[in-house]
Amino acid sequence: MHQLDQILSELAGYYPSADLPLVRRAYQFAAQAHAGQTRKSGDPYVSHPLSVAHIITELKLDVASVCAGLLHDCVEDTSATVEQLSELFGKEVAFLVDGVTKLGKLPYSTREEQQAENFRKMLLAMARDIRVILVKLCDRLDNMRSLHHLPPEKQERIAAETMQIYAPLANRLGIQWVKVELEDLAFKYSYPGEYEQLAADVAKTRAERLEYIHHVEKLIQKEMAENGVPCEVMGRAKHLYSIYQKMKRTQRPFEEIHDAIGFRVITDTQMHCYQGLGVAHQTWTPIPGRFKDYIALPKPNLYQSLHTAVIGPRGERIEVQIRTSDMNLVAEHGIAAHWKYKEGTNNSPGVAINDEKKFAWLRQLMESQKELHDPTEFLESVKIDLFGDEVYVFTPGGDVKALPKGSCPIDFAYAVHSSIGDHCSGARVNGMIVPLRYQLRNGDTIEIITSPNQKPNKDWLKLVKTAKARTKIRYLLRQETRDKAVVLGTDLIEKALRKHSTSIGRADKQLQHAAKELKCVTVDELIIQVGYGKVTAQQVLEKALPELGKKAEEAEKKTESMLKTLLRKVTRRTSSSGIKVAGEEDILVRFAKCCSPLPGDPIVGFITRGRGVTVHRRDCDKGLDLDPERRIDVEWDGHGKTQHEVAIQVLCADKPGLLAHISQSFTDQGVNISQAHCRATDDGRAVNTFHASVKDLDQLKQVIRSLSRIKGVFSVDRVSADVA
């Protein structure tokens, strides 16, 4: 009960009119619901909800949030229901608990899919009430603090998820102390060897570092006072993960990282911030290119401060951040610092910000995901929005847009408006025409050139960085493929019907019957399936007009016979491909590089002049663009022994030795790597694309499963040769 009393005391301290009896009842309910349950540490399970509620009071959130922290695991781990919580504690508390609760009882094919759907649900709830994610962050922080009680494989998986999602999310929300602690804890379990070595190196220099910090604090205080800048000065060493990232980025050992110490100058007014900056630059030599003004251009998470780096005392590089006390509160607590409480009410808190632009990033994040139905694709696109540094660029009218580092004019165009992105044909940066691959820089002014005839293409996906641009482009490309399938399917069915003096319009009822027989919901879906090559026009004719279908079948056989004769005349014979063309095994075939079909993939063939038959996967975009008159039925004969090249993309942690484990996994599956392209990213990950030879789709799936089980591997995907 001591911890509960501490929670109640802290809550009453910043929220005098808080409904403390409601919090007590929430604790009693949680204690009863979790009775008999223990954590891996052996402690009673209720100790976890208590710790989460205590962290929530550190963020100074309201009564409903504290109650949600106490009750957050009741629905998932006990017999309690959301309806029961709503009845006992109110709809607000029940909504927050439901938003945090995982979707553990629903069926998912993979852990990644479950993780993605959990996160999608949480984000949707967060869009309605930001407190959902604040409670979840507190839950994750307490779980990370007790992670040492779990087995190593779970430690690494949870730490990776924390580093990929929750630490960047805390950063996006501006809650700096939570972000720092999550990163250091995740670093400890993701890279234990590197963590222990760095912690030991930092510990060795601790006494010397503390002496230097104390010395410089006094110097800065003295210089500021002499120049009329009232302030408080705090020095601190950078946290371990930040130092580790700097070592990786610069490829330097710890001994050569000289700016691992930062100083924070807290003053009273914005004017004194700029005056303090002048004092710092007058006293010590500023390092070019290291000054950033986040007061005039705040970060999307509301953060404001002046940043500079100087050559400080004893020739050491030091970072100096200068801000007001209000700015410092926002820097530490982010969005939680803007919470306000209406005296006299228990459940009507709100964010003390009327300007919706402050939260535009969250709204845009949700809007850009509406077209994404694949949960893993959704999660990947969210990570793009949460990760990485940002560049600040301007519209011609002077409005500021914050975009991920590495963004191009197409990203900017979509950030302005979706229709501008769809028709982006060029860009002017600072008055000069630039290519669409140009990477935007801080301070650039961008003007987008549009054309009504311009539309997105696949190459754009290689250029863009923002989730919004990527999602919109993919959606339009899929829509374009679907439209092509509609036109092609309509044309094929119309031609088949026209031979029998009828048309799609006149044979509507018969086509509805055919759709039902061929397991299509509507005639439109039937047409699309024909366009994709999953259903043939002949099959439609047989179901729609059985009598005519028989005649058509005879005509089809004659046509196929003629095609076989033609193919034999213009192509050499071969028997090694493992493909039957119109039932024949001795026709020359080649496999399209755009989709690299494997035995087991649904396929379709196209006759080419002098080169036999080209085989595509049925869902290949380029195959849909080919002349339907040249389409011919092909199938795997099951006897081919040819090895087929396929491209596999592996996203993993950038860790020593991991590439060797991945290569060994290919070897263990009896698969040869013919080509590999590996590159590290700024977020501590690596993207590896392997060209390998496999015998069929089953072997490819075995390889993917084997790679997915390797510690440190986040995702494994089959990609097309042109993407690879």
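For the structure, check the block above.
Quantities reported herein were computed from a predicted structural model and do not represent experimental measurements. (Residues numbered from 1 in each chain as written. Predicted model: local features only at pLDDT ≥ 70, side-chain atom pairs only at ≥ 80, totals over all residues. Heavy atoms only, no water.)

## A word on the overall build of the protein
- From N to C terminus, the protein includes 28 helices and 23 strands.
- Classification of the 724 residues of the protein by burial places 51% in the buried group.
- For the protein, long-range pairs separated by at least 24 residues make up 66% of all intrachain contacts whose partners lie at least 6 apart in sequence.
- Entry remark: accessible area of the protein is about 35,300 Å², with carbon and sulfur atoms responsible for 50%. (Helix = DSSP H or I, 4+ residues; strand = E, 2+ residues; numbered from the N terminus. Buried < 20%, exposed > 50% of the residue type's maximum accessible area, 1.4 Å probe, protein only. Contact = heavy atoms within 4.5 Å. Areas by Shrake-Rupley, 256 points an atom, 1.4 Å probe, with all protein chains shown as cover.)

## Describing the sheet that holds strand β22 (residues 685-694)
- Read from one edge to the other, the open sheet built from four strands follows the order β21-β22-β20-β23, with strand pairing classed as antiparallel. One side of each edge strand has no neighbouring strand; the edge strands of this open sheet are β21 (672-680) and β23 (713-719). Here the strands of the sheet are splayed against their neighbours by 20 degrees on average, with no regard to which way each runs.
- Of the pairings in the sheet, the one linking strand β20 (residues 644-653) to β22 comprises ten bridges and is antiparallel in character. Across the sheet, the residue bridging to Leu651 is Val687, located in β22.
- Packed on one face of the sheet, helix α27 (residues 658-668) meets β20, β21, β22 and β23 and runs near 20 degrees to β22. (Pairing = 2+ DSSP bridges. Axes fitted to C-alpha atoms, helices over the stretch in contact; angles between N-to-C directions.)

## Details of the packing of aromatic side chains
- Scanning all chains against the criterion turns up ten aromatic pairs.
- Their ring planes at 40 degrees and their centres at 5.7 Å tell us that Tyr191 and Tyr244 sit as a pair that is tilted. One end of the pair, Tyr191, is in the loop between α11 (176-190) and α12 (192-204); the other, Tyr244, is in helix α14 (residues 240-250), and 53 residues separate them in sequence. An identical accessibility class is assigned to Tyr191 and Tyr244; each is buried.
- Here the aromatic cluster, defined as three or more aromatic residues joined through ring pairs, consists of Phe187, Tyr191, Tyr195, Tyr241 and Tyr244.
- The side chain of Lys655 reaches across the aromatic face of Tyr191, ending 5.5 Å from its centre. (Phe/Tyr/Trp six-rings, centres within 6.5 Å; stacked < 30°, edge-to-face > 60°. Lys NZ or Arg CZ within 6 Å of the ring centre and 35° of its normal.)

## A word on the pairing of strand β5 (residues 306-311)
- Counting buried positions along β5 yields five of six residues, so the element is predominantly enclosed.
- Sheet topology note: the β5/strand β6 (residues 317-324) ladder contains six bridges and is antiparallel. If you follow Thr308 over to β6, its bridge partner there is Val320.

## A word on helix α22 (residues 508-517)
- Taken residue by residue, α22 has Leu511, Ala514 and Ala515 as its buried positions. One side of α22 holds all its buried residues, which, seen down the axis, span an arc of 100 degrees. For α22, the exposed residues lying more than 90 degrees away from the buried face are Lys509 and Lys516.
- Buried residues in α22 make contact with α21 (467-498), α23 (523-532) and α24 (537-544).
- Within two residues after α22, Lys519 carries a phi angle of roughly 60 degrees, on the positive side. (Arc of directions from axis to C-beta.)

## A word on the sheet that holds strand β17 (residues 612-617)
- Taken in spatial order, the four strands of this open sheet run β15-β17-β16-β18, and their pairing is mixed. Either end of the sheet is taken by a strand with one partner, and the two such strands are β15 (589-591) and β18 (631-632).

## So, unusual backbone geometry
- A positive phi angle, near 55 degrees, is found at Asn430, a position not held by glycine.
- For Asn430, the position within the fold is in the loop between β11 (424-429) and β12 (432-434).
- Despite not being glycine, Lys519 shows a phi value in the positive range, around 60 degrees.
- Take Lys519: its relative accessible area is 75%, and that puts it in the exposed class.

## Notes on the side chain of Ser51
- With respect to the helices and strands, the residue Ser51 is situated in helix α3 (residues 47-58).
- In this structure, Ser51 is in contact with Gln3 and Asp142, ignoring residues within four places of it in sequence.

## Considerations on the packing of helix α1 (residues 2-14) against helix α2 (residues 20-33)
- Direction vectors running N to C along α1 and α2 enclose 155 degrees, while the axes themselves pass 11 Å from each other. When the interaxial angle is binned, α1 and α2 end up roughly antiparallel. Every pair of crossing elements has a handedness; the one defined by α1 and α2 is right-handed. Mapping the contact onto sequence places Leu4, Asp5, Leu8, Leu11 and Ala12 in α1 and Leu20, Val23, Arg24 and Tyr27 in α2. (Parallel < 35°, antiparallel > 145°, perpendicular 65-115°, else oblique. Left-handed = near helix turned anticlockwise from the far one by under 90°.)

## Describing the nonpolar core
- Counting 104 residues, the largest nonpolar core has Leu71 and Ile662 as its most contacted members.
- The greatest single-element share of this core, amounting to nine residues, is contributed by helix α10 (residues 152-172).
- Beyond its immediate sequence surroundings of up to four residues, Ile662 is in contact with Val650, Cys652, Asn688, Phe690, Leu707, Ile710 and Val713. (Core = buried A, V, L, I, M, F, W, Y, C linked by side-chain atoms within 4.5 Å.)

## Quick word on the side chain of Thr614
- Mapped onto the elements of the fold, Thr614 is located in strand β17.
- For Thr614, the residues in contact, after removing those within four places along its chain, are Arg590, Ala592, Val604, Gly605, Phe606 and Thr608.

## So, the pairing of β17
- Burial analysis of β17 places five of its six residues in the buried class, which makes it a mostly covered element.
- As judged from the three bridges shared by β15 and β17, these two strands associate in the parallel manner. The partner of Arg590 across the bridge, within β17, is Thr614.
- Pairing of strand β16 (residues 603-608) with β17 involves six bridges; the strand directions are antiparallel. Opposite Gly605, over in β17, you have Val615 as the bridge partner.

## Digging into the pattern of salt bridges
- Summed over the entire model, instances satisfying the criterion amount to 18 salt bridges.
- The shortest N-O distance in the salt bridge between Asp601 and Arg718 comes to 2.8 Å. Taken together, the positions of Asp601 in the loop between β15 and β16 and Arg718 in strand β23 put the pair 117 residues apart, joining distant regions of the chain.
- Here the salt bridges do not stand alone but share partners, grouping Asp62, Glu92 and Arg131 into one network. (Salt bridge = Lys/Arg side-chain N within 4 Å of Asp/Glu carboxyl O.)

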